[in-house]
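# Tertiary structure, described
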Amino acid sequence: MKIILENEMEKHAWQIMMAAHYKWEKNHGDMLRNQMEWYFNDIYKEETDALINKEVTKRLVDDYGPDGLDVIGVSEEMYVALELFHHQDIDMDVEEFKTELVEEYRELKQQYEQDKEWEAWDVKDELKSIYYNFFNAPEELTVVYNGEVIQEYKND
């Protein structure tokens, strides 16, 4: 995450906030992170869940492409019917082809559900990282003022 300071006042305020952060951390440890987790996971749970679901869906569409995964919101019967319609000229027994399509649908659906679950874990971790870095580890943020990096996080 990058913080862009727009004027001298913000630059000075950032320095004061960093001093306050170190004092808070010394005296109270992770209390602020726990407070943020309470807000995200309890008080704003519905909004957080909606945000996570929206981001997961966006990422899955980005990963699979808008037409790349035909099982999103489509029943097994509809999937088979659409595939039969698109492959009318196939040189195969129709019942055998239907069986293959059902198996394909189930495998795609299972893979999609697994990817959706993994993506949700990733998004939750990223969200936690945002508020953790901002509130508990601002020294891990890159801070820019007037085009110059005044604080840079170096991941060792």
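To start, this report covers the structure provided alongside it. All values reported here derive from a predicted model rather than from experimental measurement. (Residues numbered from 1 in each chain as written. Predicted model: local features only at pLDDT ≥ 70, side-chain atom pairs only at ≥ 80, totals over all residues. Heavy atoms only, no water.)

### Focus on unusual backbone geometry
Going by this rule: Helical segments are the DSSP runs of H or I of at least four residues, strand segments are the runs of E of at least two, and each set is numbered from the N terminus. Buried, partly exposed and exposed residues are distinguished by accessible area as a fraction of the type maximum, computed with a 1.4 Å probe on protein chains only: under 20%, between the cut-offs, and over 50%, respectively.
With a phi close to 55°, N146 is a non-glycine residue in the positive phi region. Within the secondary structure, N146 is located in the loop between β2 (142–145) and β3 (148–151). Exposure remark for N146: the relative accessible area of 68% places this residue in the exposed category.

### A short note on a negative patch on the surface
Here is the rule we go by: Each patch is built from residues lacking any salt bridge and having more than 30% relative accessible area; the joining distance is 9 Å for like charges and 5 Å for nonpolar side chains (Val, Leu, Ile, Met, Phe, Trp, Tyr). Where accessible areas are quoted, they stem from the Shrake-Rupley method and a 1.4 Å probe; at the residue level, only the protein chains shown are allowed to cover. Put simply, a salt bridge is a Lys or Arg side-chain nitrogen that is within 4 Å of an Asp or Glu carboxyl oxygen. Charge assignment: positive for Lys and Arg, negative for Asp and Glu; neither His nor the chain ends contribute. Think of each charge as sitting on NZ of Lys, CZ of Arg, CG of Asp or CD of Glu.
A surface patch of negative charge is lined by D93, E96, E100, E103, E104 and E107. Structurally, E100 can be placed in helix α5 (residues 94–135).

### Some points on helix α3 (residues 45–64)
Condition: What a helix is expected to span follows from its residue count: subtract one and scale by 1.5 Å. By arc we mean the arc of the directions from the helix axis to the C-beta atoms, nothing more. Throughout, a residue-residue contact means that at least one pair of heavy atoms, one from each residue, lies within 4.5 Å.
Its 20 residues place the ends of α3 28 Å apart at the C-alpha level, agreeing with the 28 Å of an ideal helix rising 1.5 Å per residue. All of the buried residues along α3 are T48, I52, V56, R59 and L60. Taken end-on, α3 shows its buried residues confined to a sector of 100°, consistent with a single buried face. Of the exposed residues in α3, the ones pointing more than 90 degrees away from its buried face are E46, K54 and D62. Elements in contact with the buried residues of α3: α2 (31–43) and α5. Among the residues trailing α3, G65 stands out with phi positive, at a value near 85°.

### Notes on the packing of helix α4 (residues 76–86) against α5
Quick note on the threshold: Axis geometry follows a simple rule: fit a line to the C-alpha atoms, using only the stretch in contact for helices, then measure angles between N-to-C directions, giving values from 0 to 180 degrees. The labels follow the angle: roughly parallel below 35 degrees, roughly antiparallel above 145, roughly perpendicular from 65 to 115, and oblique for the rest. Crossing handedness is read from the near helix: turned anticlockwise from the far helix by less than a right angle, it gives a left-handed crossing, and turned clockwise, a right-handed one. Ten residues, namely Ala, Val, Leu, Ile, Met, Phe, Trp, Tyr, Cys and Pro, are considered nonpolar, four, namely Asp, Glu, Lys and Arg, are considered charged, and the remaining ones, Gly among them, are considered polar.
Packing of α4 against α5 brings their axes to within 9 Å, and their N-to-C directions diverge by 130°. What the angle tells us is that α4 and α5 run oblique. As α4 packs across α5, the resulting crossing turns out to be right-handed. Across the interface between the two elements, E76, Y79, V80, E83 and L84 from α4 touch V94, F97, K98, L101, V102, E104, Y105, R106 and L108 from α5. The residue inventory of the contact of α4 with α5, partitioned by class, reads 9 nonpolar, no polar and 5 charged.

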